[in-house]
Structures are given as C-alpha cells and as structure tokens.
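These are the residues of each chain, in order.
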Amino acid sequence: MAGRGTVKPHAGFNANNDAEVLFKAMKGLGTDEDAILQLLTARSNEQRHQIKAAYKTLHGKDLVNDLKSELGGKFETLVVCLMTPPILYDVSCLRDAIKGAGTDEKVLIEILASRPANEINQIKSAYKQAHDKDLEEAVTGDTGGHFQRMLVILLQASRQQGIQEGLIQSDAQALFAAGEQKYGTDESQFITILGNRSAAHLRRAFEEYRKLSGYEIEESIQRETSGSLQELLLAVVKCARSVSSYFAESLYNSMKGAGTDDQTLIRIMVTRSEVDLMDVRADFRRMFATSLHKTIQGDTSGDYRKALLLLCGGDDA
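Under an unreviewed UniProt entry, the chain has the name Annexin and belongs to Triplophysa rosa.

Following this line, the structure appears as structure tokens:
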C-alpha cells in the first residue's frame, strides 16, 4: 500500500518558511485562504505537525487556534482535520460518535471495519490516554446485541494471519448453515468467522460460499440480518474484498442524491489522502463511471471545494 496516497511529503520542506507563509496569510485584515489551502494540502500530516511546532516557536501562538479563528464552516472543519495526527483524528471521530445522546453507528462501523490491527491498537491506547476510559468500555456502554459483540471482536484486533486451507470449506458451510439453510439466523456464526479470519482467507471462503449457496455473501447478509449489524457485517465483507472499493462506495454515497454528507466526505478524504486515495479514485471511476474529482466538483463549493480537489489530486476523466 505504500505510496498509494495523493498527498506526499513535500521535498524541499522547511517548517519555518511554511509557518511564515501561514502567519502572513492570517495577519492583518482579511485572510488569504488560498495560500493556506495550497500549502496545507501539499504537506504530509507529519510535516503539518512540524509547521505547527515552528509556528509556536516563532510566534508564541497555536496554529490550529489561529486557523479556527480565521476560517469558518466546512472549510475550517477540513483544515482542522488535516492538522490532526491520524490516530488522534480517529480517536476524536470515535469519541464524537459515542458521546452525547444517540450513537453515530456509521463512524464506529467505518473505522473499526477498515483499520488494520496495529492501528486499532494505537487507537485504543490513544483513546485511553485522552479520555481515561477504555474504548471497548465506551463502545459497549453505547451499543447492544450482536452489533455490540461484533464491534468488541473487531476491537480485539486479533484477526488470524494468512489462509487456513483446512477451514475454507467448513467456514463457507458454517455460514451457509447459519443463514440461508435454516429458519432464522445464527448471527454468532457470522460474527465469529467474519470477525476473526484474515481478509485473504475470507475472500477464499466467500468464493466457496458462492459455489455452495448460489449467492454472494453480501446478498445473504442483506436477507438474513438488519439494521446496524447488517451495516457492520457488510462493511467487514467489503473491506475483506477491497478496502479502497469500500471507501469509493462510501464517498459515492456521501454525495449522491440531494445534499451532501460532508462529515463522511471530509473524514474519508483526510484519512485516505496519505494511504490509498489513488486506489480509491481508480475504484470510484470503475464502479461509478465518473471520476471522484467531477463528483466533488459538482457537490461542493468555495475554498472547501478547492481544498478537497487538491486532496483528490487529479481527475480520472
């Protein structure tokens, strides 16, 4: 996956120079938004962090606070997200999804289904450090039933490695027996298998499942489960097949129809910009016969749009 992001570290990077450019862009009357967005979208997260440190050293002020006071709306939200280290950004998204009345299941599902084990472990310790509470405890306090059990399994971050040849057939049979073959559904079979096998193993098991049942596993999950559990199981299956396709579809859904789910659009564009946004773009083009660039262009406006298009990094027309 290395190097499949659209945002790369800037070659001639100088934190002090960049801090000065940002300081000038914000001082006096008016703000040079263009200078801010051109610079920040062309630096890696690590570099933005160094700029923040240089800014404080040179000016005795917090860069993020200054940006917040100068910018507004969705553009401000996007810039603040760009300034946050990836693991801490995931932590704040999870925290926001859990705290207060109601739970934003979509965020829990997206992060816990798509992040690799090492990141889940980093998220757990960063969450504990920031909120003095175990993430698992926070999640279980806010969810219930099989949905909760599946989230807890994902939080263990202990998927098996590699492909277990001896289990491919029996896993496919167990999934078939737990759903299509019986009256009612044995959700715990789905949870155990989808939560614990490696992506490569699951892809082989899904292939066997299709031969055995005549259905794609997604079709069966849609028929056999509902609500948040269904959403979570589908996300896990899609990520096992292809994480970048999963995000391409989520981006498409965030912009299709009337209105835009800006929270999701920002979260995915920021979190994938240094990971696999090139692949997400290619999958988007293949799956939806239009480019991510065009879709963002038609759905957003102003500095917010400019910044998102720079993160997107090109039009796959």
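Participant: Before we move on, could you go through the overall build of the chain and cite the residues and values that matter?
Facilitator: Within the chain, the secondary structure is distributed over 20 helices and zero strands. Taking 317 residues into account, the globule formula puts the C-alpha radius of gyration at 20 Å, and the chain, at 21 Å, falls close to it. Each of the three principal axes of the chain carries a C-alpha extent, and together these read 70 × 45 × 35 Å. Put simply, the chain has 317 residues, and 47% of those count as buried.

Participant: If you had to explain the side chain of Ser291 to someone new, which residues and values would you point to?
Facilitator: Relative to the elements of secondary structure, Ser291 occurs in the loop between helix H18 (277-288) and helix H19 (292-299). Within the structure, the side chain of Ser291 is placed 3.0 Å from the backbone nitrogen of Lys294, a separation counted as a polar contact. Here Ser291 is in contact with Phe284, Arg285, Asp315, Asp316 and Ala317, once residues within four sequence places are set aside.

Participant: Any details on helix H2 (residues 33-40)? Residues and values, ideally.
Facilitator: Among all positions of H2, only Ile36, Leu37, Leu39 and Leu40 are buried. In an axial view of H2, the angular spread of the buried residues amounts to 165°, which keeps them on one side of the axis. For H2, the secondary structure elements touched by its buried residues are helix H1 (15-26), helix H3 (45-59), helix H4 (63-70), helix H5 (73-82) and helix H20 (302-312).

Participant: Report on the environment of Gly141, specifying residues and quantitative values.
Facilitator: Examined against the element boundaries, Gly141 turns out to sit in the loop between helix H9 (135-140) and helix H10 (145-155). A relative accessible area of 66% means that Gly141 is categorised as exposed. Sequence separation of Gly141 and Ile98 is 43 residues, and the distance between their C-alpha atoms is 9.0 Å.

Participant: Residues and numbers for H20, please.
Facilitator: Among the residues making up H20, those that are buried are Tyr304, Ala307, Leu308, Leu309, Leu311 and Cys312. Just downstream of H20 lies Gly313, where phi reads positive at about 80°.

Participant: Run through the layout of surface pockets, naming residues and quoting values.
Facilitator: Sizing a probe to match a water molecule and rolling it over the atoms shows the empty space that remains. Reported here for the largest pocket is a volume of approximately 960 Å³. As for the largest pocket, its lining consists of 46 residues, and the residues nearest its centre are Ser114, Arg115, Pro116, Glu119 and Val243. The element contributing the most residues to the lining of the largest pocket is helix H6 (residues 86-98), with four residues. A per-class count over the lining of the largest pocket returns 22 nonpolar, 13 polar and eleven charged. When its volume is computed, the second largest pocket comes out at roughly 360 Å³. Contributing to the lining of the second largest pocket are 16 residues, with Lys106, Glu231, Tyr246, Ser250 and Asn253 lying nearest its centre. Looking at the lining of the second largest pocket, the elements that each hand over two or more residues are helix H7 (105-114), helix H15 (227-241), helix H16 (243-255) and helix H17 (262-272). For the lining of the second largest pocket, the leading source of residues is H16, giving five residues.

Participant: So, the packing of H10 against helix H12 (residues 187-196): which residues are in play, and what are the values?
Facilitator: Contact geometry for H10 and H12: axes closest at 9 Å, N-to-C directions at 20°. Taken together, H10 and H12 sit at an angle that is classed as roughly parallel. In the packing of H10 onto H12, the handedness of the crossing is right-handed. Taking contact as the criterion, the partners of His146, Arg149, Met150 and Ile153 in H10 are, on H12, Glu187, Ser188, Ile191, Leu194, Gly195 and Asn196.

Participant: Now, about the pattern of salt bridges: what can you tell me, with residues and values included?
Facilitator: Side chains that carry opposite charge are capable of pairing whenever their charged atoms lie near each other. All chains considered together, the criterion is met by 26 salt bridges. The network of salt bridges with common partners includes Glu207, Arg210, Glu216, Glu218 and Arg241.

What counts, and at which threshold
- Positions within a chain are numbered from 1, following the residues in the order the chain's sequence is written.
- Thresholds applied to this predicted model are a pLDDT of at least 70 for local features of residues and 80 or more for the giving and counting of side-chain atom pairs; totals over whole chains, interfaces and linings are not thresholded and use all residues.
- Side-chain metrics rest on all non-hydrogen atoms present in the structure, leaving aside hydrogens and water.
- Helical segments are the DSSP runs of H or I of at least four residues, strand segments are the runs of E of at least two, and each set is numbered from the N terminus.
- Put simply, the radius of gyration uses C-alpha atoms, and a globule should come to 2.2 Å times the residue count raised to 0.38.
- With a 1.4 Å probe rolled over the protein chains alone, any residue whose accessible area is under 20% of its type maximum counts as buried; one over 50% counts as exposed, and the rest are partly exposed.
- Distance and chemistry together define a polar contact, namely a pair of N or O atoms within 3.5 Å, with one atom able to donate a hydrogen and the other to accept it when in protein, and with adjacent residues in sequence counting only for side-chain atoms on both sides.
- The contact criterion used is simple: two residues touch if any of their non-hydrogen atoms lie within 4.5 Å.
- To be clear, the arc concerns the directions from the helix axis to the C-beta atoms.
- Only protein atoms enter the 1 Å grid used here. Points where a 1.4 Å probe fits but cannot escape make up a cavity, open sets with protein on both sides within 12 Å along at least five of seven lines make up a pocket, and a residue lines them when an atom lies within 4 Å of a point.
- Grid points are joined across faces, edges and corners, and a volume is the space filled by probe spheres set on the points.
- All amino acids are sorted into three groups, where Ala, Val, Leu, Ile, Met, Phe, Trp, Tyr, Cys and Pro are nonpolar, Asp, Glu, Lys and Arg are charged, and the leftover types, Gly among them, are polar.
- Lines are fitted to the C-alpha atoms to define the axes, a helix being fitted only along its stretch in contact, and any angle between axes, read from their N-to-C directions, falls within 0 to 180 degrees.
- Roughly parallel refers to an angle under 35 degrees, roughly antiparallel to one over 145, roughly perpendicular to one between 65 and 115, and oblique to any angle outside these ranges.
- Helix crossings fall into two classes, left-handed where the near helix is turned counterclockwise from the far one by less than a right angle and right-handed where it is turned clockwise.
- What makes a salt bridge here is a side-chain nitrogen of Lys or Arg within 4 Å of a carboxyl oxygen of Asp or Glu, nothing more.

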